[in-house]
Amino acid sequence: MAGSDEQRLYSRQLYVLGGGARRLAEASVLVSGLRGTGAQVAAALVLAGTGCVVLHDSGAARTADRAHQFLLGENDVGRNRAEVSQQALAELNPHVVVATHTGELSEAFLASFQVVVLTESPLEEQLCIGDFCHARGICFIVANTKGLAGQLFCDFGEHFVVEDPAEGDPVCAAVQHISQGNPGVVTCMGTEDSRGHLFCDGDLVTFSGVEGMTELNDQKPIPVRVLDAFRLEIGDTSSFSPYRCGGLVLQERLPQVHSYKSLHQALADPKIQVASAEELPRSHSLHAAFQALHAFCRERGCLPRPRAQADAERVLELARSLRTRQGLLDENVVRAFASVSAGDLCPMVAIVGAMAAQEALKAITGKFLPLDQWLYFDALECLELEGAMQLTEEDCAPRGTRYDGQIAVFGTTFQEQLGHQKYLVVGAGAIGCELLKNFAMMGLAAGPGGDLTVIDMDTVALSNLHRQLLYRSSDISKPKSVVAAAAMQRMNPDVRVTAHQNQMGPATESLYGDDFFQRLNGVTSALDSLEARAYLENRCLHCLTPLLDSGTEGPRGNVLAMVPFLTKPLEPAGAPEDGTFPFCTLRYFPRTIQHTLQWARDEFEGLFQLPAEHVNRFMKDPAFLEQLPAGKALEVLEQVQKSLQERPQNWQDCVHWAHRHWQSRYHDAIVQLLHTFPPEHETSPGVPFWTGDRSCPHPLRFNPDNNTHLQYILATAHLFAQAHKVPPCSDQAAIQTILRSTVLPPFQPQEELNIPLTEEQEEVHSPEGIPVPSDHGRLVKLTQDLVQKKQELLEGEEVQVPLMEPIHFEKDNDIHVDFITAASNLRAENYGIPPADWLMSKRIAGRIVPAIITTTVAVAGLACLEVYKLVWGCQDLKCYRNSNLCLSDCLLLRIQPLPPTTYWYGGREWSCWDRLEMQAVSADGQEMTVQEVLDWLQRTYGWTVTMLLHGYTVIYDKEEDEEIWARQQAQRLSENLEDARERRRLELLYVCEGEDAEASNSRPPLLCSLP
């Protein structure tokens, strides 16, 4: 049952690309042009598992290529770019064939490819190859990056089939009722969060598992009309049987056929995709600018010189001569574009290359709608930085260094400033790897005084390799931060990088305190935990440190900039859905596979984690029994007793236990439920019990030849053996022999067993439905028996301590996922719920966030564009951008961040960034007393403070009696505060005369620096 090697390696990507990902291994893609953009396209395709990637380039690597082509080493300069890139790319993924071609792109050669990607290609070559690909039905992509602008074009032929145009799984809802009528009305509820459905008008749906109105189960897809969040209108159901209970309604996504123009046609009559209509004129101007640039290169044989006004004006003349019919030409955009078009920036090639690679993946997999047909992207706002427009040709002239492409845009002084930076990267996962790669190319912290710290507590795992660029299979189980830092230094030996294997949080504040953050020029967050991201945001807010926060989910990503005093602080992210469901639903009335998977997760914890933890505490801690809460004591002790009684002696015992547990869960429990509530049971006369959101189950009969039954026994016995430290066995034939020879006693259901139907009833019943007794005598007797059993164990044999091994669920452990998948699907079979395969079960039970290399590359590139602005010291809000990316639709929205919020206090306006700062040092060099602080506030701001607090600790309160507040005034500021002396900086809150003490968020905090 365990997933294949492909599923384990590409699992996060498979959740993004779906079934179409299977086509990747058979695909062949040509990437022409192995400078920055081409290298990024090729790397993403190799990491994604494309079957064959052929690299084409006839040019030799130059020193300046090393600022944006991350595959090149120092010794590769002068060698063919494709050939030196081939070895580095082949190391990224041994499952992909990476070949090279340095000759002409003949028609015979091109005909063998499914996708052709051109970068750094003259327009004449693009037109010629584009015509050939269009005629042959070969998907054709052009990706160009020039300075601070990028261009993307797609032509997937006249008959391209999009198998699945949308993100994620098809929408599904649990049916609660279906009316008989014309039209019929379906009442339903979302499957994952018990909220409304997510269908839209016109969606096609099918039904399954409907009882009563079974005619719907066999129907072809039918359209729906949305009435509200819980009701859908379907076709005529008036002649159908009455609905009884159960059923799922599932969205059906049908393939779409799309037609595209050739490059020749699309060049003259461009169809440009934009995030908003306001962007269209700018994109049309860039469309003309790129054509004019091609004309300039034909005319002069080179790109415009950086910051050469005459060259920029010539490009503008050529753009004017094109006489585009799409409106007026924005001449300032064309001039700005031309003035830095000779530049090469790693963040830009990352963004454009990632988007081009995603389009290539669409061409192969048929997943998501392709770009239709042009996209333009620019970051020309970087030229509006104070002083940037005044840069001269001399400032931006080549120096013969690896950074010449960056100097062409920002000048040599800025390059030196990049080298001096002190930055922190928190997280060395997918985004973190891309940030570090970009920083190495940019030369961040690669000069005197520079310092880059990377923090990550995790180790490299197999599932990381398809999207985390800096890791190889030989790095599995090694610390991410250490491996990433070493890889970064191989890319650029001048970078001063330090790796820390720590977690960023309250527990490590002694390492990463105020002094640490205040010396930084900036922080980049590459964390996947909302809690950790919120903590980091608060630390940067407190220490006035710029922060760039990045995140991705599948094909979507975002970058948020937080600049002290300039932007609004980042909003705390909403709490994620916790995936919890009512206990009664999970235990007796599941309706969806999400319910059965959560039930299986609870089973895992209840069988293999909690019992072992309780037994170990019982054996080790003499005070364990006294520490148990009164309401849970009996339940826990019974669990301990059961675990000790069931201790296996060998593997065969584990198989027998797994068999008995299978029988208990999938046969006996269902028989008992149906005995208490038979299929014909009525809640009240004429109102059936099994209706609406209650589906009537049926018991299963064990069959050792049934694959799901056998896989359950294998996984369960293995985990039970591990928990009890018994060597496991994987001989299926031997296990089947054991199972066939086992006869379990017939089950006799209990009479008048009270099964709870509500949350309130659940709280006063045991998991088996038996009322929890309050018999103190039973608890005493059980305690005595267990104490005696413990004594016998300690005296009678060699006891390993701890006695058992608690097993915590790990989403990347195949045995764990095997158990969850089998346990959930058996439960689903009980209730007539469609099963989930191994990969889907892993995603839902492991709460895995889908991820793909293209999104992380683009997001890291967008973040690094904002780093340029921070390094420049930009204090102009209109230059910064928050970015939202959606690669499934090839959309990129960049907007100006909001300014900080303000409020009035003490007769003046304050920003949310403002704070009162004082050196809390007396004239004698000692720490100030509380009275001295009060005097300072009175003297400086004219405020009479009546209460002073540090967190929840009251330092001074004038409402106390005179003796107490006099003593408070005389004490040193940190005298009664734990760890205050180690912090050396206190953040205090205060309440002034006539104020409400509860309004603590409407005044600037007081920061006191201690001696």
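Residues numbered from 1 in each chain as written. Predicted model: local features only at pLDDT ≥ 70, side-chain atom pairs only at ≥ 80, totals over all residues. Heavy atoms only, no water.

Colleague: Tell me what's going on with the overall build of the protein chain, and back it up with residues and numbers.
Modeller: On a plain count of helices and strands, the protein chain comes out with 32 helices and 33 strands. Since a compact globule built from 1011 residues should have a radius of gyration of about 30 Å, the 33 Å found for the protein chain is in line with a globular shape. Expressed as lengths along the three principal axes of its C-alpha atoms, the size of the protein chain is roughly 95 × 90 × 65 Å. Partitioning the contacts of the protein chain with sequence separation of at least 6, the portion at a separation of at least 24 is 72%. Roughly 42,900 Å² of accessible area belongs to the protein chain as shown, and the carbon and sulfur atoms make up 50% of that amount. (Helix = DSSP H or I, 4+ residues; strand = E, 2+ residues; numbered from the N terminus. Rg over C-alpha atoms; globule rule 2.2 N^0.38 Å. Contact = heavy atoms within 4.5 Å. Areas by Shrake-Rupley, 256 points an atom, 1.4 Å probe, with all protein chains shown as cover.)

Colleague: Summarise the state of the cysteines; cite the residues concerned and give the values.
Modeller: Tallied over the entire structure, the rule returns 0 disulfides. Cys133 forms no disulfide, and the closest cysteine sulfur to it belongs to Cys139, at a distance of 9.0 Å. By relative accessible area, Cys133 is classed as buried at 0%. (Disulfide = S-S within 2.5 Å. Buried < 20%, exposed > 50% of the residue type's maximum accessible area, 1.4 Å probe, protein only.)

Colleague: Got a sec to walk through the pattern of salt bridges? Specific residues and values, please.
Modeller: What the rule picks out here adds up to 47 salt bridges. Across the pair Asp549 and Arg533 runs a salt bridge whose closest N-O atoms are separated by 2.5 Å. Placement of the pair is Asp549 in strand 21 (residues 547–553) and Arg533 in helix 17 (residues 530–543), with a sequence separation of 16 residues. Of the charged contacts in the structure, one is a salt bridge between Arg985 and Glu917, with a shortest N-O distance of 3.1 Å. Taken together, the positions of Arg985 in strand 32 (residues 985–992) and Glu917 in strand 29 (residues 916–919) put the pair 68 residues apart, joining distant regions of the chain. Exposure remark for Glu917: the relative accessible area of 44% places this residue in the partly exposed category. If you follow the salt bridges from partner to partner, you end up with Arg35, Asp57, Arg62, Asp65, Arg81, Glu120, Lys146 and Asp344 in one network. (Salt bridge = Lys/Arg side-chain N within 4 Å of Asp/Glu carboxyl O.)

Colleague: Which residues make up the nonpolar core, and what are the values?
Modeller: Formed by 179 residues in total, the largest nonpolar core has its most connected members in Val116, Phe439 and Leu452. When near neighbours in sequence (up to four residues on either side) are disregarded, Leu452 contacts Tyr423, Val425, Leu436, Phe439, Leu444, Ala445, Met488, Val495, Arg496, Val497 and Thr498. Core analysis: the next-biggest nonpolar cluster, separate from the first, contains 71 residues, Leu644, Val655, Leu786 and Ala845 among them. (Core = buried A, V, L, I, M, F, W, Y, C linked by side-chain atoms within 4.5 Å.)

Colleague: Just give me the short version of the packing of aromatic side chains, but keep the residues and values in it.
Modeller: Following the criterion strictly, the structure yields 39 aromatic pairs and no others. Measuring from centroid to centroid gives 3.9 Å for Trp657 and Phe720, while their planes differ by 5 degrees, and the two rings are stacked. On the criterion of sequence distance, the pair formed by Trp657 in helix 22 (residues 651–676) and Phe720 in helix 23 (residues 707–723) is long-range, its members being 63 residues apart. A ring pair is formed by Tyr941 and Trp943, whose centres lie 4.8 Å apart and whose planes are at 20 degrees; its orientation type is stacked. Residue classification places Tyr941 among the partly exposed residues on the basis of a relative accessible area of 29%. One aromatic cluster is present, formed by Trp599, Phe604, Phe608, Trp662, Tyr666, Phe702, Tyr712, Phe809 and Phe819 through successive ring pairs. (Phe/Tyr/Trp six-rings, centres within 6.5 Å; stacked < 30°, edge-to-face > 60°.)

Colleague: Requested: an account of a negative patch on the surface, with residues and values cited.
Modeller: Taken together, the side chains of Glu959, Glu960, Asp961, Glu962 and Glu963 define an acidic patch exposed on the protein surface. Inspection of the secondary structure puts Glu963 in helix 31 (residues 962–970). (Patch = residues over 30% accessible without salt bridge, like charges linked within 9 Å, V, L, I, M, F, W, Y side chains within 5 Å. Lys, Arg positive; Asp, Glu negative; His and termini not counted. Charge placed at Lys NZ, Arg CZ, Asp CG, Glu CD.)

Colleague: Outline the sheet that holds strand 10 (residues 204–208), supporting the account with residue identities and numerical values.
Modeller: Read from one edge of the open sheet, 7 strands run 11-10-14-8-9-13-12, paired in antiparallel fashion. Two strands close off the open sheet at either side, each with one partner strand: strand 11 (222–223) and strand 12 (225–228). Judged from the 3 bridges that link them, strand 8 (residues 172–178) and strand 14 (residues 248–251) form a sheet pairing that is antiparallel. Directly across from Cys172, in strand 14, lies its bridge partner Leu250. (Pairing = 2+ DSSP bridges.)

Colleague: With reference to specific residues and values, describe the pairing of strand 6 (residues 149–155).
Modeller: Most of strand 6 sits out of view: 7 of its 7 residues are buried. Pairing between strand 5 (residues 139–146) and strand 6: 7 bridges, direction antiparallel. Among the inter-strand pairings, Phe140 is bridged to a residue of strand 6, identified as Asp155. If you look at the hairpin formed by strand 5 and strand 6, you'll find 2 residues sitting between the two strands, and Gly147 has a positive phi there, around 60 degrees. Where strand 6 and strand 16 (residues 374–378) come together, 5 bridges link them in antiparallel fashion. Bridge pairing in strand 16 places Phe153 opposite Trp374.

Colleague: Give a description of helix 13 (residues 412–419) that names residues and reports values.
Modeller: All of the buried residues along helix 13 are Thr412, Phe414, Gln415, Leu418 and Gly419. Down the axis of helix 13, the buried side of the element spans an arc of 155 degrees, and every buried residue falls inside it. Its buried side turned inward, helix 13 meets helix 11 (393–396), helix 12 (404–410), helix 14 (430–442) and helix 29 (853–872). (Arc of directions from axis to C-beta.)

Colleague: Just give me the short version of unusual backbone geometry, but keep the residues and values in it.
Modeller: Asn182 connects to Pro183 through a cis peptide bond whose omega is 5 degrees. Of note, the bond from Asp372 into Gln373 is cis; its omega dihedral lies within 30 degrees of zero at -15 degrees. Even without a glycine there, the phi angle at Ala445 is positive, about 60 degrees. Tracing the chain through its elements places Ala445 in the loop between helix 14 and strand 18 (451–455). Classification of Ala445 by relative accessible area gives buried; the value is 0%.

Colleague: Lay out the environment of Gln875 with the relevant residues and their values.
Modeller: Note that Gln875 resides in the loop between helix 29 and strand 25 (882–886). In this structure, the C-alpha to C-alpha distance between Gln875 and Ser339, residues 536 residues apart in sequence, is 24 Å. Once you skip the residues sitting within four places of it in the chain, Gln875 turns out to touch Pro564 and Leu566.

Colleague: Would you mind going over the environment of Ala388 in detail, with residue names and values included?
Modeller: You can see Ala388 is positioned in the loop between strand 16 and helix 11. With 353 residues separating them in the primary sequence, Ala388 and Ser741 have C-alpha atoms 83 Å apart. Ignoring any residue separated from it by four or fewer positions in sequence, one finds Ala388 in contact with Arg307, Cys382, Leu383 and Trp872.

Colleague: Explain the packing of helix 2 (residues 36–48) against helix 10 (residues 346–365) residue by residue, including any values.
Modeller: At their nearest, the axes of helix 2 and helix 10 sit 8 Å apart, and the two run at 45 degrees to each other. Relative to helix 10, helix 2 is oriented oblique. For the pair helix 2 and helix 10, the crossing hand works out as right-handed. Taken together, the residues of helix 10 that come into contact with helix 2 (itself represented by Gly36, Thr37, Gln40, Val41, Ala44, Leu45 and Ala48) are Val349, Ala350, Val352, Gly353, Ala354, Ala356, Ala357, Ala360 and Leu361. Here the residues of the contact of helix 2 with helix 10 are counted per class, giving 12 nonpolar, 4 polar and no charged. (Axes fitted to C-alpha atoms, helices over the stretch in contact; angles between N-to-C directions. Parallel < 35°, antiparallel > 145°, perpendicular 65-115°, else oblique. Left-handed = near helix turned anticlockwise from the far one by under 90°. Nonpolar A, V, L, I, M, F, W, Y, C, P; charged D, E, K, R; others polar.)

Colleague: Quick one: what's the story with the side chain of Asp914, residue by residue and with numbers?
Modeller: Within the secondary structure, Asp914 is located in the loop between strand 28 (908–911) and strand 29. Although Asp914 is buried, it makes no salt bridge; Arg908 carries the closest opposite charge, 4.5 Å away. For Asp914, the side chain forms a polar contact with the main-chain nitrogen of Ser911, separated by 2.7 Å. Beyond its immediate sequence surroundings of up to four residues, Asp914 is in contact with Phe565, Pro1004 and Pro1005. (Polar contact = N/O pair within 3.5 Å; in protein donor to acceptor, adjacent residues only side chain to side chain.)

Colleague: Account for the packing of helix 13 against helix 29, naming residues and giving values.
Modeller: Here helix 13 crosses helix 29 at 95 degrees, and the two axes come no closer than 10 Å. In terms of orientation, helix 13 lies roughly perpendicular with respect to helix 29. The residues of helix 29 that touch helix 13, namely those facing Phe414, Gln417 and Leu418, are Tyr868, Val871 and Trp872. Class assignment for the residues of the contact of helix 13 with helix 29 results in 5 nonpolar, 1 polar and no charged.

Just geometry here; none of it tells us what the structure is for.
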